[in-house]
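Listed below are the residues making up each chain.
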Amino acid sequence: MKTACLICVILTLASLLRAESNWEQRLEKELQKLTADELPGMAVLVARDGKIIYQGAFGYADLSKKNPVTTETKFRIGSVTKQFVAAAILRLVDDGEITLDDRLETFFPGFANGDKITIHQLLTHISGIHSYTSKPDFLSRVVKPIEPMELISWFRDDKPDFAPGNGFLYNNSAYFLLGEIIAKVSQKSLDAYLQETFFIPLGMKDTGIFVNATPPPGVALGYSMVEGKAEPALDWDMSWAGGAGALYSTVGDLYKWNDALFGGKILRPKSFQQMTTPVTLPAGVDGMSYGYGLVISPMHRLPAASHSGGLNGWSSQLMRITEQNCTIVALANALPPVESHAPGLVADRITEQFLAAEIKARPLPKENTKVNQSNYTDYAGRYDYKTAVLTVTVENGRLMGQLTGQEKYQIYPSDIDEFFWKITDASVAFLRDENGKVIGARHTQGGSSFRAMRLVESEVKLTKAQLDAILGEYDYGNGAKLTVTHDGENVFAQLTSQPKLPIFPKSPTEYEWRIVPATIKFTADQDGKITGAIHSQGGATINAPKIK
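Let us look at the structure shown here. Bear in mind the structure is a predicted one, so any value in this text is a computation, not a measurement.

**Topic: the pairing of strand 21 (residues 448-453)**
- Pairing of strand 20 (residues 438-445) with strand 21, which is carried by six bridges, proceeds in the antiparallel orientation. Within the sheet, the bridge partner assigned to Thr444 lies in strand 21 and is Ser449.
- Between strand 20 and strand 21, which pair antiparallel in sequence order, lie two residues; one of them, Gly446, sits at a positive phi of approximately 55°.

This is the structure we're talking about:
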């Protein structure tokens, strides 16, 4: 699952594994730090051709009791849930109970465009329904139980983000609805349907819908890393997640699922092909290479299908390198994660090393040496990546790119206005207006593409004193706080258990986020001292007194 803030695009990758033949030893050496430093943990599994090659567990499931993570530890898996829901929908299609063209209105009347939105559009995030996890007061509600129809009523009247089929936006509302459609059609709870249809036949005895009142035995506790320290995470009541992310599982059970799904044991061939075929987006629409509950995108140039999961305290990655019949599972009980130990990063590095020979056999992107370097100055500037800023510079005839908080790397030309990184599978195409001026960039990585507009240097000139005045912590209520920092040029705001994001000045006391339509206005007392802030988003406001 994803809340209102999206995790930054990662251009660089920490050196978890080096180019060594014994990748298992290197992996264990790095992940053992979780245990040595008494941090939240991770379980990892690697399999190929139906055989488990490696299993390992590190760190702690419960820090206070010093209970270690094992390969049997259960984790909440967040949005990895979505592929199970997608497969369940397709099984109902295979059984003739529904079709992919059925309309939302048939199951849940009252939604804007409900007579036009299809199940296919719900599965592929192109329905235009607004995602309820993006509502500004979501995190203040999520710790208390809620009934499915109460939650659906809470977002039913939200204004659509776009007309059905005309855009792409990752959408938890859609998958929550899909989970309830499964329940309506099957006349069973989502958990019961998944258990009877998939989990029991596959021997997945450690997988199910997480119920906070009766947690399964052997489940880890969730933590958030804040300034390098582990704190108990905001504990979602998983009734808020449903089909969008409510499952728990183990690395072993997820391997069983992955092998069965890609081994043809779950769906008929036509449905499996639909599940693993990326949705076609309209021209000019950015989005993800998304099938049904799966991201279909190469990993180190090898064809792959995967999905990550993330909610406060939990992060996960389930990946299938398809031509190599290789499954990689990494589950962690921390989000924000332990630095350099995010499951997606670990899975990436395992792929790079375990399948090094296959990757080496794939052709590398080629640098186009005929691209005119005199045009490089056209690209120099800062680009709004929403969760960060990409700064492009020209240095000694080379084009360099640096994302906020990361190292600077050269980017290489593949064509006119098109460049790629060699340190990771990412590319950027610079966009020009009708006069030929570079106005933005289109970044592609990990199956996703998005546009980043070129930042015009703000006319608001702030003094160091004005910047220093707003620094500190602001109380958002219910245990959440917003921390405001700056690095001398860029100002950042970080809400509890969410990524640190840049905010941009509209005046000396008013700033805006670019990833979501939200503003924050800092308020002062009669002496001019900043005493609080007013956060405005989606028609709602939060009055946050300064506490530090």
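Moving on, there is more to tell.
**So, the pattern of salt bridges**
- Throughout the structure, instances matching the rule amount to 21 salt bridges.
- A salt bridge links Arg48 to Glu358, with the shortest nitrogen-to-oxygen separation between them at 2.8 Å. Of this pair, Arg48 sits in strand 1 (residues 42-48) while Glu358 sits in helix 12 (residues 356-361), and the two are 310 residues apart along the sequence.
- Its relative accessible area of 23% is what places Arg48 among the partly exposed residues.
- Put simply, Lys481 and Glu473 hold a salt bridge, and the shortest N to O gap is 3.3 Å.
- Owing to a relative accessible area of 12%, Glu473 belongs among the buried residues under this scheme.

**What about the sheet that holds strand 28 (residues 530-537)?**
- With antiparallel pairing, eight strands are arranged side by side in an open sheet as 22-23-24-25-26-27-28-29. At either margin of the open sheet sits one strand with a lone partner, and together these are strand 22 (472-477) and strand 29 (540-545). When the angles between neighbouring strand axes are averaged without regard to direction, this sheet yields 30°.
- Pairing analysis gives six bridges linking strand 28 to strand 29, with the strands arranged antiparallel.

**Observations regarding the environment of Leu335**
- Of note, Leu335 is situated in the loop between strand 13 (326-332) and helix 11 (343-354).
- For the pair Leu335 and Gly310, spaced 25 residues apart in the sequence, the C-alpha separation amounts to 7.0 Å.

**As for the pairing of strand 18 (residues 418-421)**
- Summarising the sheet, strand 17 (residues 408-415) and strand 18 pair through four bridges and their orientation is antiparallel. Each residue of the ladder has a partner; that of Asp415, found in strand 18, is Glu418.
- Counted along the chain from strand 17 to the antiparallel partner strand 18, the turn is two residues long, and its residue Asp417 has a positive phi close to 70°.
- Pairing of strand 18 with strand 19 (residues 426-432), which is carried by three bridges, proceeds in the antiparallel orientation. Residue Phe420 lies in a different strand from strand 19, and its bridge partner there is Ser427.
- Hairpin connection, strand 18 to strand 19: the antiparallel pair is bridged by four residues.

**Observations regarding the sheet that holds strand 15 (residues 389-395)**
- Taken in spatial order, the eight strands of this open sheet run 14-15-16-17-18-19-20-21, and their pairing is antiparallel. Two strands in the sheet have a free side with no partner beyond their single neighbour: strand 14 (381-384) and strand 21. Geometrically, the sheet is characterised by an average inter-axis angle of 30° between neighbouring strands, direction not taken into account.

**A look at the side chain of Gln537**
- Examined against the element boundaries, Gln537 turns out to sit in strand 28.
- For Gln537, a relative accessible area of 10% puts it in the buried group.
- In terms of polar contacts, Gln537 uses its side chain to reach the side chain of His535, at 3.0 Å.

**Focus on the packing of aromatic side chains**
- Per the counting criterion, the structure on display carries 26 aromatic pairs.
- Geometrically, the ring pair formed by Tyr170 and Tyr290 is edge-to-face, given 6.5 Å between the ring centres and 80° between the ring planes. Within this pair, whereas Tyr170 is found in the loop between helix 6 (148-156) and helix 7 (172-186), its partner Tyr290 is found in the loop between helix 10 (269-275) and strand 10 (295-296), the two being separated by 120 residues in sequence.
- For Tyr290, a relative accessible area of 0% translates into the label buried.
- Taken together, a centroid distance of 5.6 Å and an interplanar angle of 70° make the contact between Tyr376 and Phe419 edge-to-face. Here Tyr376 is found in helix 13 (residues 376-379), whereas its partner Phe419 is found in strand 18, with 43 residues between them in sequence.
- Here a set of aromatic residues connected by ring pairs shows up, and it is made of Phe111, Tyr132, Phe138, Trp154, Phe155, Phe176, Trp236 and Trp240.
- Over the aromatic face of Phe108 sits the side chain of Lys184, whose NZ or CZ is 4.4 Å from the ring centroid.
- Note that Lys422 overlies the ring of Tyr412, its terminal NZ or CZ placed 4.0 Å from the centroid.

**Digging into the environment of Pro40**
- Along the chain, the position of Pro40 falls in the loop between helix 1 (23-36) and strand 1.
- Since its relative accessible area comes to 1%, Pro40 is described here as buried.
- Spatially, the C-alpha atoms of Pro40 and Gly313 are 9.5 Å apart, while their sequence positions differ by 273 residues.
- Beyond its immediate chain neighbours, meaning those up to four positions away, Pro40 contacts Leu34, Gly59, Tyr60, Leu63, Tyr223, Met225, Ala230, Asn333, Ala334 and Val338.

Reading the values: the criteria
Residues numbered from 1 in each chain as written. Predicted model: local features only at pLDDT ≥ 70, side-chain atom pairs only at ≥ 80, totals over all residues. Heavy atoms only, no water. Pairing = 2+ DSSP bridges. Helix = DSSP H or I, 4+ residues; strand = E, 2+ residues; numbered from the N terminus. Salt bridge = Lys/Arg side-chain N within 4 Å of Asp/Glu carboxyl O. Buried < 20%, exposed > 50% of the residue type's maximum accessible area, 1.4 Å probe, protein only. Axes fitted to C-alpha atoms, helices over the stretch in contact; angles between N-to-C directions. Polar contact = N/O pair within 3.5 Å; in protein donor to acceptor, adjacent residues only side chain to side chain. Phe/Tyr/Trp six-rings, centres within 6.5 Å; stacked < 30°, edge-to-face > 60°. Lys NZ or Arg CZ within 6 Å of the ring centre and 35° of its normal. Contact = heavy atoms within 4.5 Å.

These values are about where atoms sit, not about what they do.
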